[in-house]
Each structure stands twice: as structure tokens, then as C-alpha cells.
Amino acid sequence: FSSLKMSYLPPDTPRIQLRLAGDKRKHNEGRVEVFYDGEWGTVCDDDFSIHSAQVVCRELGYLEAVSWSPSSKYGKGEGRIWFDNVQCTGKEKTLALCMSNGIGVSDCKHTEDVGVVCSDKRIPGFKFINTMANNVEDVRIRAILSSYRKRVPVTEGYVEVKDGGKWKQICDAEWTKHNSRVICGMFGFPGERKYNARVYKMFARRRKPNYWDYSVNCTGNEAHLSSCKLGHAVAAKANSTCGGGTPVVVSCVPGRAFSPTPMTGRGKQYQSKQPLVRLRGGAIVGEGRVEVLKNGEWGTICDDNWSLLSATVVCRELGFGSAKEALSGGRLGQGMGPVHMNEVKCSGFEKSVTECFFNKESLGCSHEEDAAVTCNVPAMGFQERLRLSGGRNPYEGRVEALVERNGSLVWGTVCSDGWGTMEAMVVCRQLGLGFASNAFQETWYWPGEVSADPVVMSGVRCSGTEMSLSHCLHHGAHLTCPKGGGRNAAGVSCSETAPDLVLSPQVVEQTTYMEDRPMFMLQCAYEENCLSTTSSKTPANSYRRLLRFSSQIHNNGQSDFRPKAGRHSWVWHDCHRHYHSMEVFTHYDLLSLNGTKVAEGHKASFCLEDTDCEEGIEKRYECANFGEQGITVGCWDTYRHDIDCQWIDITDIKPGDYIFQVFINPNYEVPESDYSNNLMKCRCRYDGHRIWMYSCHNGGSLSTETEESFPGLLNNQVTHR
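Residues numbered from 1 in each chain as written. Predicted model: local features only at pLDDT ≥ 70, side-chain atom pairs only at ≥ 80, totals over all residues. Heavy atoms only, no water.

**A word on the overall build of the protein**
Inference 1: Within the protein, the secondary structure is distributed over nine helices and 40 strands.
Inference 2: Scored against the burial criterion, the 721 residues of the protein give a buried share of 54%.
Inference 3: For the protein, the computed accessible surface area is about 32,800 Å², with 49% contributed by carbon and sulfur atoms. (Helix = DSSP H or I, 4+ residues; strand = E, 2+ residues; numbered from the N terminus. Buried < 20%, exposed > 50% of the residue type's maximum accessible area, 1.4 Å probe, protein only. Areas by Shrake-Rupley, 256 points an atom, 1.4 Å probe, with all protein chains shown as cover.)

In C-alpha cells, the structure reads:
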């Protein structure tokens with residue numbers, strides 16, 4: 001809301017409030033709505049300009065306007081059209097001071113409702129007088145009962161608004177459960193629950209509340225309190241006794257991942273059913289590309305009409321709060337498989353986004369239009385327990401943890417023994433710095449605080465999905481770190497984006513064949529260990545039976561995939577006259593139906609280059625002439641079936657049914673936004689003369705039930721240790 005202090009304006013200026021509403025993706029955009037004479041209405045797009053948008057945005061507390069949109073881009077509003085033919089210079093303090101036909105004088109229809117996009121930066125020190133907070137810092141849930149004060153996150157207490165530098169309570173005389181639902185959503189909780197009102201009434205009698213002068217009226221499906229209606233609180237005028245009521249209390253239900261240690265008998269949590277929705281490719285908790293499960297296969301949502309309202313349904317379904325942003329255009333990477341939903345339209349009260357109305361036809365939708373979300377999550381305090389020290393910028397440095405020692409909190413380093421990509425991923429996520437770009441086992445070039453040199457954590461082993469480093473496996477009170485801390489402490493560098501490699505299962509299925517190749521033609525392959533161990537006893541005039549196939553590896557992430565090793569350390573191979581930039585880039589395995597490995601291929605990277613790219617994207621990497629190696633976002637690297645080592649040696653394999661498996665970046669040398677899709681599996685049948693490859697799919701692309709019926713190594717059992 002906006003509600004500027006009217007004493008700064010001419011006395012005949014209409015008293016108005018503004019808000020941004022409609023089918024929007026972010027809080028700083030939407031249909032311009034005006035509150036006047038007790039009623040919300042809209043603004044017509046006739047004569048509207050960027051100067052008028054500038055006035056609107058600044059009146060709402062944003063630094064500037066980015067753009068404006070005519071013709072009800074954010075949906076048609078309701079009620080009166082308060083302003084028409086608005087002409088601003090851009091310097092007015094309120095839209096009410098701009099030239100117009102006069103308030104309420106309009107010949108427009110709601111198909112002409114105007115919208116704006118404001119910058120996401122706030123005006124420093126901007127003051128709102130007697131309004132609901134325009135950001136979360138101005139509203140809080142304050143734990144009142146002693147049993148809740150030490151709980152993290154805070155799930156129950158007074159709802160308080162900061163007004164005139166003082167925290168004030170809200171009178172509950174006009175409060176509804178819909179309001180509570182919105183408050184809980186803002187603070188990262190999917191729902192609200194009942195609480196013991198009698199205890200709070202007793203507390204209010206002992207300590208006289210300081211009531212706010214305003215009431216709030218929400219429908220319950222708003223993503224933020226700023227989208228609710230604001231009115232004068234009749235019962236709380238002149239800071240009265242609230243008409244016999246008490247201060248508003250909310251009690252929120254945390255998602256399963258955020259549930260604090262429950263009190264006896266109060267262990268209710270938000271319970272989700274078998275997941276039909278998931279997030280992939282996000283750097284932080286509560287962020288990612290939206291994927292839905294349909295007919296046993298995971299697919300994406302097209303971003304046509306994707307809104308904050310639909311995004312909020314996704315967030316609540318997953319145990320988070322309301323949505324901060326509804327992202328479009330494959331902003332958090334492109335998915336694989338089908339596009340299951342298009343033109344999604346939710347009411348806001350659905351239990352699952354799969355219950356929302358949508359267009360079943362996804363014609364014309366590609367993965368470049370994959371929808372994503374950023375959700376509100378509870379404040380767990382994890383960021384305050386970790387820091388990076390000594391780096392050249394805030395995204396790098398020695399990792400220092402805050403731990404309890406002898407009854408007091410002290411900062412110290414983390415032992416670097418076994419420190420790798422997965423541990424670095426958790427650190428960057430915990431600090432809200434995105435993905436890991438590097439993990440360091442020496443940090444002498446980053447001198448941290450001398451007082452923090454001693455090791456306070458050792459034996460750290462993470463799966464990569466933890467929210468906090470303290471959630472990873474690590475040694476308890478007895479630390480073990482032969483190298484010590486200081487210059488040998490663990491370090492990280494973080495990045496807001498990361499690559500995401502995905503192997504095309506269709507290409508593997510379409511290109512598989514068998515070849516009997518003479519041993520004398522396999523000398524280079526033998527030297528590079530691309531044949532099974534029995535090949536050393538094979539006469540030169542004999543042959544090896546090879547299962548050959550092509551690999552097409554796509555980079556669907558947000559940044560280029562680059563080898564970890566610098567070009568100074570690449571190894572020249574005389575046989576093939578090229579440099580190897582990664583010692584192990586892929587593993588090729590043949591497994592029995594019980595998961596036992598029966599044959600394998602070792603694929604050193606011949607080179608990493610852009611074989612081809614999507615339309616409009618230029619190739620950046622090529623192997624020729626000691627060129628730079630990597631895979632550009634939107635490009636793919638194809639290893640053809642007819643090059644050396646692009647096979648599994650099956651000479652010693654008996655006829656039967658097997659599982660064929662390819663694992664990209666198996667040692668997690670290079671950080672990626674999603675490792676779950678690095679594994680690809682196929683069913684394989686060999687009759688001694690011919691071979692068939694079928695049912696090829698990427699890890700995580702099928703339902704758990706379907707995946708469990710598929711023999712071999714389950715993707716969720718893949719570890720980096």
C-alpha cells in the first residue's frame with residue numbers, strides 16, 4: 001500500500017492509496033489500483049506514460065519505474081475507474097496531483113486498465129505513514145509465550161506492525177482466518193492453525209497493548225499482505241480497549257523440513273501427500289523449476305499466464321509459504337520430458353497445482369518457457385552461523401562456522417580433509433550465495449580472522465541437499481584434523497548460476513549397435529584403458545566385441561560447463577592428437593538385473609566442445625588448435641558412436657537381460673545445479689548375436705514407484721563417496 005502523509009500535500013488533494021494487483025509474477029509489478037472513498041478501483045491507460053508510472057512507483061516506495069503496460073496486461077480490475085487521461089511530469093508526490101479528467105470521471109472500460117513494473121529497489125529511508133508494511137521487515141510475529149520464545153522458527157505470537165518507530169499490535173475484532181493465512185504465508189508457513197486464546201487473553205490483561213489504527217481485510221489467497229485491503233480499525237480508534245477484543249495472534253503450521261522440536265502434545269506438522277510436484281534447479285531452499293508428475297513421468301509447466309497466485313499454490317503444496325516470485329522463460333534451467341500443463345489458472349485455495357484449471361494442449365510450448373518459483377521460507381537463522389572470510393569478494397573465502405564451546409559461541413575453521421563439491425554446495429546454499437563454483441582444501445591466500453584459525457568442525461560429509469553444514473555428517477566433540485586449520489582450512493567460491501548436464505536417452509536408444517573390432521585396430525583404446533582387463537591376453541589377430549552408442553550431452557543450466565582443471569594441466573594424448581581436460585567425464589556400465597556390475601567403459605574426455613546449439617545461440621568452445629573447452633548453455637556435445645572408447649567391451653558377457661547405465665560427471669568435479677539427472681539407464685537384451693536397448697530414461701524422470709520397479713542402481717542411491 002501507499003498512504004503518504006497528507007500534510008505535505010495541498011488541502012484539496014484527494015486522499016488516495018495505491019497498490020499493485022492482478023495476475024503478476026512479482027510484488028513490484030501489477031495492475032495499478034487506487035483506494036478512494038472506501039472503494040478500490042483502477043486507472044485507465046489513456047495518455048498514461050512512463051512519467052506517470054514513475055509517480056506510481058515512487059508513491060509505492062520503489063526507486064523508479066521500469067516500464068508500464070496498457071490493455072489490462074495484469075487482468076481486468078473491478079469497481080470504479082478512478083483516473084483517466086492521467087498526465088504526470090514524473091515529479092509529483094502522488095498520482096492524485098497529476099493532471100487527469102478528475103477523480104472518478106472516466107469513459108474507459110476495464111480492458112484498458114494500466115499496469116506498471118517498478119524496480120525492485122526501495123527508496124532509502126522512505127516513510128509510510130500509518131500503513132501496512134511494504135516489506136516483511138515492518139511486520140513481525142513476536143513470540144509471547146515462553147514456550148515459543150526459544151523456538152526456531154517462530155511459529156506463534158502477536159502480529160505486530162512498525163508504525164512511527166514503534167511496534168503496535170492489531171485489534172482482533174475484525175481479524176479473520178484469511179488474514180492469518182496470508183501472514184503465515186509471508187513468513188514461510190503453508191497454513192495456520194488454532195491456538196489457546198485463553199492464555200493470550202490473560203496476557204493482554206496484564207500488559208496493556210498498543211493498538212494500530214488500521215484493520216486488514218484479506219481474501220486469503222494473496223501472496224503478500226500488501227495485496228490485502230486496508231481500512232480504519234473502528235474498535236481500535238484512539239487506542240481503545242479494542243471493543244473487548246485482544247491483540248491478533250497467529251499460529252502457523254511449519255512445513256515438514258522446518259518443523260521445530262514440538263512440545264508434548266503439540267507435534268502437528270504440515271503433512272503433504274505423495275508428492276505430485278517438485279522443484280529442480282534452484283540454488284536455495286524453496287526455489288526451482290516447477291515439475292509435476294503425470295502418468296508416472298515428471299514434466300514441466302509452460303509459463304503462459306503463470307502468476308504469483310499459481311506459484312503460491314505450488315509453494316504451499318511443498319510446505320513453504322506464499323510465493324515471492326513467479327519466474328518464467330526457463331529462468332532456473334530447462335527441464336526434460338513432456339510439458340504437462342499450460343495456461344495454469346488457480347483460485348489460490350487448491351491443495352495442489354494439479355487441481356488448478358489448465359489448458360491440456362501444450363502445443364507451441366518448449367522448455368525455454370518452463371515456469372519456476374521462489375517461495376517464502378521460514379527464518380531458521382542458518383546464515384548467521386556461517387561466514388566466508390578473507391576472500392576478494394563476498395562470494396568466496398575461508399569457511400568459518402559458529403559453534404558452542406564450553407558454554408559460549410566461538411568462530412572457527414572447518415577441516416579440509418575430504419572437502420569437496422557437495423560440502424561447498426551446502427555452504428553456498430546456507431549463505432544464500434547460490435551454487436558452489438569451487439571447493440578449496442587450502443586457503444592460505446585468504447587470511448581470515450586469526451582468532452578463528454582453530455578447527456571447530458571436522459569429518460564433514462554432505463549429500464549436497466542439506467540446508468545447513470551442521471546437518472551434514474561430521475565428527476562430534478572429538479575433532480580429527482591432521483593438517484589443522486588456518487592456511488589449510490576449507491574454502492569455497494560461490495556463483496549465482498550453475499550448468500546442468502543432461503544426456504539424451506533418445507539418442508542412446510537410436511544409435512546403439514554391436515561391433516566386432518580387431519585387436520590390432522584398438523591399440524590406442526588399449527593404452528587408454530577403454531577395454532576390459534581380459535583384453536591384455538587377446539591375440540593381435542583376434543577381436544573384441546563392443547557395445548557402441550552415441551552420447552549427446554546437453555547443458556540445460558544457467559551457466560557454461562567448464563572443466564575444473566586449467567588448460568595448463570590438460571594432458572596431451574599422442575594417440576588421438578588431442579588434450580584431455582577431465583580425467584573422468586563419464587562412466588559407462590553394464591549391470592546384471594540385481595545391480596552387479598558385469599562390464600564397464602572408461603570414457604576420458606576427448607575434449608569438451610559445442611557440437612551444436614539451439615537456434616540463436618553461438619558456439620563458444622571447440623577442441624581444434626588447443627581451443628577453450630566447455631559446453632555452452634543451450635548447446636550440446638556429441639560423442640559419436642564411431643570414435644574410440646565410446647563403447648562398453650562386452651566380449652566376456654553371456655547372453656541375457658541387463659541394465660545399461662551412463663553417469664556424467666561421476667566424481668562431481670564440476671558443480672551443477674542438479675545432479676539427479678546425470679544418470680541415464682536403459683534396459684538391454686543380448687542374445688549373443690544381436691543387442692537391443694529400450695526404456696532409456698534419465699534419473700529422476702519417472703515416479704518413484706516406476707523407478708523402483710526398474711532394476712539396477714537407483715539414482716537416489718548414488719553418492720559421491
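**Section: the pairing of strand 1 (residues 17-21)**
Inference 1: Counting buried residues in strand 1 gives five out of five residues, a clear majority hidden from the surface.
Inference 2: Residues Gln 17, Arg 19 and Ala 21 of strand 1 are buried on one face, and the alternating residues Leu 18 and Leu 20, pointing to the opposite face, are buried as well.
Inference 3: With five bridges connecting them, strand 1 and strand 2 (residues 29-36) associate as antiparallel partners. Residue pairing for strand 2: Leu 18 is matched across the bridge by Val 34. (Pairing = 2+ DSSP bridges.)

**Comments concerning the sheet that holds strand 28 (residues 513-518)**
Inference 1: Here we have three strands laid out as an open sheet, ordered 28-29-37, and antiparallel in their pairing. Two strands lie at the open edges of the sheet, namely strand 28 and strand 37 (647-649), each paired on one side alone. Averaged over all adjacent pairs, the angle separating strand axes in this sheet is 35°, with direction ignored.
Inference 2: Pairing between strand 28 and strand 29 (residues 543-548): six bridges, direction antiparallel. Across the sheet, Met 514 pairs through a bridge with Leu 547, a residue of strand 29. (Axes fitted to C-alpha atoms, helices over the stretch in contact; angles between N-to-C directions.)

**Section: the state of the cysteines**
Inference 1: Per the stated rule, a full pass over the model turns up 15 disulfides.
Inference 2: A disulfide bridge connects Cys 530 with Cys 645, and the sulfur atoms are separated by 1.9 Å. Where Cys 530 bonds to Cys 645 through sulfur, the torsion about that S-S bond is close to 90°, and the disulfide is right-handed. With Cys 530 in the loop between helix 8 (523-527) and strand 29 and Cys 645 in the loop between strand 36 (635-639) and strand 37, this residue pair connects regions lying 115 residues apart in the sequence.
Inference 3: The class for Cys 645 is buried, based on a relative accessible area of 2%. (Disulfide = S-S within 2.5 Å.)

**A few points about the packing of aromatic side chains**
Inference 1: By the definition in use, this model includes 18 aromatic pairs.
Inference 2: Taking 4.5 Å as the distance between ring centres and 85° as the angle between the ring planes, the aromatic pair formed by Tyr 668 and Tyr 675 counts as edge-to-face. Comparing Tyr 668 with Tyr 675, the two get one shared label, buried.
Inference 3: Connected via pairs of aromatic rings, a cluster forms that spans Tyr 158, Tyr 195, Tyr 200 and Phe 203.
Inference 4: Against the face of Trp 40 rests Arg 19, its NZ or CZ located 4.0 Å from the ring centre. (Phe/Tyr/Trp six-rings, centres within 6.5 Å; stacked < 30°, edge-to-face > 60°. Lys NZ or Arg CZ within 6 Å of the ring centre and 35° of its normal.)

**Details of the sheet that holds strand 30 (residues 551-555)**
Think of a sheet as strands paired side by side through backbone hydrogen bonds, with each pair either parallel or antiparallel.
Inference 1: Spatially, 27-30-36-35 is the arrangement adopted by the four strands of the open sheet, whose pairing is antiparallel. Bordering the open sheet on either side are strand 27 (501-503) and strand 35 (612-613), each of which pairs with just one other strand.
Inference 2: Sheet analysis places strand 35 next to strand 36, joined by two bridges and oriented antiparallel. Looking at the pairing, Cys 613 lines up with Cys 635 of strand 36.

**Observations concerning the side chain of Arg 193**
Inference 1: Tracing the sequence through the fold places Arg 193 in the loop between strand 10 (191-192) and helix 4 (197-206).
Inference 2: Despite its burial, Arg 193 pairs with no opposite charge, the nearest such side chain being Glu 156 at 5.1 Å.
Inference 3: There is a polar contact of 3.4 Å between the side chain of Arg 193 and the backbone oxygen of Cys 252. (Lys, Arg positive; Asp, Glu negative; His and termini not counted. Salt bridge = Lys/Arg side-chain N within 4 Å of Asp/Glu carboxyl O. Polar contact = N/O pair within 3.5 Å; in protein donor to acceptor, adjacent residues only side chain to side chain.)

**Notes on unusual backbone geometry**
Inference 1: With an omega of 0°, the peptide bond between Val 152 and Pro 153 qualifies as cis.
Inference 2: In this fold, Pro 153 is placed in the loop between helix 2 (146-149) and strand 8 (156-163).
Inference 3: Positive phi, close to 65°, is recorded for Asp 47, a residue that is not glycine.
Inference 4: Here Asp 47 is to be found in the loop between strand 3 (39-43) and helix 1 (50-59).
Inference 5: You can call Asp 47 partly exposed: its relative accessible area is 44%.
Inference 6: You will see that Asn 305, though not glycine, has its phi angle at about 65°, which is positive.
Inference 7: Examined against the element boundaries, Asn 305 turns out to sit in the loop between strand 16 (297-301) and helix 5 (308-317).
Inference 8: The class for Asn 305 is exposed, based on a relative accessible area of 54%.

**Here's the deal with helix 6 (residues 421-430)**
Inference 1: In terms of burial, helix 6 is largely enclosed, as ten of its ten residues are buried.
Inference 2: All of the buried residues along helix 6 are Thr 421, Met 422, Glu 423, Ala 424, Met 425, Val 426, Val 427, Cys 428, Arg 429 and Gln 430.
Inference 3: Packed against the buried residues of helix 6 are strand 21 (386-390), strand 22 (396-405), strand 24 (435-440) and strand 26 (491-495).
Inference 4: Just past helix 6, the residue Gly 432 takes up positive phi, approximately 70°. (Contact = heavy atoms within 4.5 Å.)

**Let's talk about the nonpolar core**
One broad trend across soluble globular proteins is that nonpolar side chains are buried collectively.
Inference 1: Grouped together as the largest cluster of nonpolar side chains are 32 residues, with contacts concentrated most on Trp 419, Val 427, Leu 469 and Val 492.
Inference 2: Of all the secondary structure elements, the ones that give two or more residues to this core are strand 21, strand 22, helix 6, strand 24, strand 25 (455-457) and strand 26.
Inference 3: Ranked by the residues each element gives to this core, the list is headed by helix 6, at six residues.
Inference 4: When sequence neighbours within four positions are dropped, the list of residues in contact with Leu 469 reads Leu 386, Val 414, Trp 419, Glu 423, Val 426, Val 427, Gln 430, Met 457, Val 460, Cys 462 and His 474.
Inference 5: Counting residues in hydrophobic clusters, the runner-up holds 30 residues, among them Tyr 588, Ile 653, Cys 682 and Cys 696. (Core = buried A, V, L, I, M, F, W, Y, C linked by side-chain atoms within 4.5 Å.)

**Considering the pattern of salt bridges**
Inference 1: Throughout the structure, instances matching the rule amount to 24 salt bridges.
Inference 2: Linking Glu 33 and Arg 19 is a salt bridge whose minimum nitrogen-to-oxygen distance equals 2.8 Å. Of this pair, Glu 33 sits in strand 2 while Arg 19 sits in strand 1, placing them 14 residues apart in sequence.
Inference 3: With a relative accessible area of 9%, Arg 19 lands in the buried category.
Inference 4: The partner of Glu 515 in a salt bridge is Arg 548, and the shortest N-O contact between them spans 2.5 Å. Note that Glu 515 is positioned in strand 28 and Arg 548 in strand 29, a separation of 33 residues in sequence. For the pair Glu 515 and Arg 548, one class covers both residues: buried.
Inference 5: Counted as one network, the salt bridges with shared partners bring together Arg 387, Arg 398, Glu 400 and Asp 453.

**Some words on the pairing of strand 23 (residues 408-414)**
Inference 1: Judged from the six bridges that link them, strand 22 and strand 23 form a sheet pairing that is antiparallel. Within the sheet, the bridge partner assigned to Leu 402 lies in strand 23 and is Trp 411.
Inference 2: In this structure, the hairpin formed by strand 22 and strand 23 is closed by a connection of two residues, where Asn 406 is found at a positive phi of approximately 55°.
Inference 3: In this structure, strand 23 lies alongside strand 25, joined through two bridges in parallel fashion. The residue of strand 25 that forms the bridge with Thr 413 is Val 455.

**Quick notes on the environment of Phe 258**
Inference 1: Structurally, Phe 258 can be placed in the loop between strand 13 (249-253) and strand 14 (277-280).
Inference 2: Sequence spacing of Phe 258 and Val 377 is 119 residues, and the spatial spacing of their C-alpha atoms is 8.6 Å.
Inference 3: When near neighbours in sequence (up to four residues on either side) are disregarded, Phe 258 contacts Pro 153, Val 285, Gly 319, Phe 320, Val 377, Pro 378, Met 380 and Met 467.

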